[in-house]
Amino acid sequence: MATVTLENLKKSFGKTEVIQGIDIDIADGEFVVIVGPSGCGKSTLLRMVAGLETATSGEVRIDGKRVNDVEPMDRDIAMVFQNYALYPHMSVFDNMAYGLKIQKVAKPEIAERVQTAAKLLQLEPYLQRKPRELSGGQRQRVAMGRAIVRKPAVFLFDEPLSNLDAKLRVQMRLEIKALQRELGVTSLYVTHDQVEAMTLADRMIVMNAGVADQIGAPLDVYADPATEFVAGFIGSPPTNFIDAALLDGERAGRIGIRPEHVRLAEQGRIEAVVVYAEALGAETLVHLRAGDGQQITVRQESGLAIPTEGQSCGLAWDSAQVMRFDEAGLRQR
Amino acid sequence: MVEKRGTGLWLTHLGLIVGIAFIFFPIWLAFVASTVEQHDIVRPPMPLLPGDKFFENYARALTSGINAPVATMLWNSLVMAMGIALGKIAISLLSAFAIVYFRFPGRQLFFWLIFLTLMLPVEVRIVPTYEVIANFGMLNSYQGLILPLIASATATFLFRQFFMTVPDELAEAARVDGAKPMRFFFDILLPMSRTNIAALFVILFIYGWNQYLWPLLITTEPEMNTIVMGIKQMFPSGDDFAHWPTIMATSILAMVPPVIVVIGMQKLFIRGLVESEK
Ligand SMILES: Nc1ncnc2c1ncn2[C@@H]1O[C@H](COP(=O)(O)OP(=O)(O)O)[C@@H](O)[C@H]1O
Ligand SMILES: [Mg+2]
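Residues numbered from 1 in each chain as written. Chains lettered and ligands numbered in written order. Predicted model: local features only at pLDDT ≥ 70, side-chain atom pairs only at ≥ 80, totals over all residues. Heavy atoms only, no water.

Quick look at the overall build of chain A now. Each helix and strand counted, chain A has eight helices and 19 strands in total. If you line up chain A on its principal axes, its C-alpha atoms span 75 × 45 × 30 Å. Taken across its 333 residues, chain A has 51% of its residues classed as buried. Long-range contacts, defined here as pairs at least 24 residues apart, represent 64% of the contacts in chain A between residues at least 6 apart. On chain A, roughly 14800 Å² of surface is accessible, and the fraction owed to carbon and sulfur atoms is 49%. Here chain A carries 38 positive and 44 negative side-chain charges, and the mean point of each set is 8 Å from the other. (Helix = DSSP H or I, 4+ residues; strand = E, 2+ residues; numbered from the N terminus. Buried < 20%, exposed > 50% of the residue type's maximum accessible area, 1.4 Å probe, protein only. Contact = heavy atoms within 4.5 Å. Areas by Shrake-Rupley, 256 points an atom, 1.4 Å probe, with all protein chains shown as cover. Lys, Arg positive; Asp, Glu negative; His and termini not counted. Charge placed at Lys NZ, Arg CZ, Asp CG, Glu CD.)

In structure tokens:
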């Protein structure tokens, strides 16, 4: 078990600065999710913690010890890769045991640890199979098993679920969360899927082009985004943004208002035309277009009347729910 | 697979049978000639069915031959072919590993240098190579037979292409697992390449076995002759007459090891073609 500290961590590839200074203190046993659109530097950040990428400047500390110059195997970490990276010619057992064999752990102990992990992951019937004889979900579990048997201080996950189909993803997400709770191992988890981030994280780092726009508990981040980017990225459907110039009584910049906070009303703050409505059962998403072509989404309970396409509606909301952003996208309080 | 019926099927088979018969006939004749006596061959018409001297002819060829016992020549060829095939594979694997997985100064340069040697077959560099080997005192030795042929740009290139298809994450996973580079090479890369290695072994063994010009140049003692060039040495110079049954028995014997290698490696070879292990 261990803490992880990143201090002004930076990474450049040639002239491009891919990670522009990240600071975070991760507590022992905490589950931290790094979330952001693809290409924003999530993997690079994780790989610096793993030791697969050297930091250009700044520090990585695991359990208080600076590990910038320490080889991955000596950092006491285990990593789960996006495409699983299982050794194709080895059985499930050997895949899980390989790291232990290299560490020269005694054979009986290897067998015992692999058995325990296999039991935890329901992999016992498959121990003698080759990876190619397994389904995607099972391969994913083997990759997890390989991480677990090493009893590392830190788990690192790089988009471990993105190769699975939607249903399996939800199931594995729950399993990973339960497993992490049970083992209590500090974890860093990379994903581009904000739902995954919301459900898994104790805290999340929302990354935007190499910068951590916001670090916080999922619901705090959702309720109180620090930047326009965070407000737009976290939450589905995304936050509506409206030019302040279109509204009475707003300052310069843009305002953001979440779909569930907008109502259709006779007398609204602005007028918009219904483009189409999606009735999803429990709720209805009404997509509208405002005067300047701005797309706006309203999320309403299924009991409410669904407007017809082409109809003009007023949009109303509570001022308290409005998030104001300046030209640079920073939140104005 | 395309399904064929009736005449189409028969025509296909007829074509195949004629083709095989065409190629097989000379081999059959050689076999027949190796089982009869000298006077049966030189007096037309030549027999088309095997005679009763099979054991006699083969035993004579193997134990005494004409210049050297064929058993000795077979052994020489075997050492040479194995040395070349295994040496080429070992060297190519290591150079491909270095080129793909390590960043060192001149990496591209070395790759292109290796690639360039593809354009220089043995025959082109044979005179300088002979000079070098002679100065090293390696004439009439196994080293002399093997060393000049032991590096292979083709095999290096093939392994490089294969290694580049192996996902980077596999190397990283091994690194996180604590495998040092050579451990990764032996534990992961090598087993993953085994079908490629098998296929190359077949090709390179036959390449080594069939070397003619090089052994002809550097083996002057009959005891060091390889079998493929040895057959040619059995033809008499001047007015002596050729002892055809022995020569034909030698030819047949020369064909056997490559055939065994092909058949023995066939399973692995074909599996390498149909199943991808990535
Ligand atoms: N080895 C590398 N060399 C050069 N640029 C790289 C390298 N690895 C990643 N990058 C660049 O860094 C940026 C962030 O990459 P990455 O961390 O993989 O993003 P993410 O995982 O968030 O999708 C990308 O623009 C990518 O092109
Ligand atoms: Mg990534």
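This brings us to the nonpolar core. Residues Leu6, Leu45 and Leu156 of chain A together with Ile188 of chain B are the most contacted members of the largest nonpolar core, which totals 84 residues. Broken down by element, the residue count for this core peaks at nine residues, all from helix H4 (residues 70-101) of chain B. For leucine 156 of chain A, the residues in contact, after removing those within four places along its chain, are Leu46, Val49, Ala50, Ile77, Ala78, Met79, Val80 and Leu188 of chain A. Formed by 46 residues, the second largest nonpolar core is a distinct cluster that contains Ala143, Leu179, Tyr189 and Ala201 of chain A. (Core = buried A, V, L, I, M, F, W, Y, C linked by side-chain atoms within 4.5 Å.)

Moving on, we get to the pairing of strand S17 (residues 312-317) of chain A. Successive residues of a regular strand alternate their side chains across the two faces of the sheet. Residues and elements named next belong to chain A. Taken across its six residues, S17 has five buried, putting it largely inside the fold. Here strand S13 (residues 262-265) pairs with S17 via four bridges, running antiparallel. Paired with arginine 263 across the bridge in S17 is alanine 316. Bridge count between strand S14 (residues 270-279) and S17: four bridges; the pairing is antiparallel. The residue bridging glutamate 271 from the neighbouring strand is glycine 314, located in S17. (Pairing = 2+ DSSP bridges.)

Turning next to the site of ligand 1. Residues and elements named next belong to chain A. Around ligand 1, a shell composed of Phe13, Val18, Pro37, Ser38, Gly39, Cys40, Gly41, Lys42, Ser43 and Thr44 is seen. Glycine 39 places a polar main-chain atom, nitrogen or oxygen, 2.6 Å from an oxygen atom of ligand 1. In the model, an oxygen atom of ligand 1 is placed 2.9 Å from a nitrogen or oxygen of the lysine 42 main chain. Of the residues forming the shell around ligand 1, the biggest block, three residues, is contributed by helix H1 (residues 42-50). (Near = heavy atom within 4 Å. Polar contact = N/O pair within 3.5 Å; in protein donor to acceptor, adjacent residues only side chain to side chain.)

Counting residues at the interface gives 25 residues for chain A and 20 residues for chain B. One can count 10 residue pairs in polar contact (both at pLDDT 80 or more) joining chain A with chain B. Mapped by element, the contributors of at least two residues to the side of chain A that touches chain B are strand S6 (77-80) and helix H2 (92-102) of chain A. Counted by class, the side of chain A that touches chain B contains 15 nonpolar, five polar and five charged residues. (Nonpolar A, V, L, I, M, F, W, Y, C, P; charged D, E, K, R; others polar.)

Take the confidence of the model for chain A next. Parts of the prediction with low pLDDT should not have their coordinates interpreted in detail. When pLDDT is averaged across chain A, the result is 90; 100% of the residues are at 70 or more. Confidence, expressed as mean pLDDT per element, reaches its minimum in chain A at strand S19 (residues 331-332) of chain A with 86 and its maximum at strand S3 (residues 31-35) of chain A with 95. (pLDDT = per-residue confidence, 0-100.)

All names here are of chain B. Of the pockets and cavities examined, the largest pocket occupies roughly 1000 Å³. Residue lining of the largest pocket: 30 residues in total, with Tyr101, Arg103, Ala171, Glu172 and Arg175 positioned closest to the centre. Among the elements of the structure, H4, helix H8 (153-165), helix H9 (168-177) and helix H10 (181-192) are those that each provide at least two residues to the lining of the largest pocket. Looking at the lining of the largest pocket element by element, the count peaks at six residues for H9. Its residues assigned to classes, the lining of the largest pocket comprises 15 nonpolar, three polar and 12 charged. Roughly 530 Å³ of volume is contained in the second largest pocket. Around the second largest pocket, the lining comprises 26 residues; the ones closest to its centre are Lys88, Arg125, Ala151, Ser152 and Ala153. Elements with a minimum of two residues in the lining of the second largest pocket: H4, H8 and helix H11 (194-209). In terms of residue count, H8 provides more of the lining of the second largest pocket than any other element does, five residues in total. Residues belonging to the lining of the second largest pocket are distributed by class as follows: 17 nonpolar, six polar and three charged. (1 Å grid on protein atoms, 1.4 Å probe; cavity = no way out; pocket = protein on both sides within 12 Å on 5 of 7 lines; lining within 4 Å. Points joined across faces, edges and corners; volume = space filled by probe spheres on them.)

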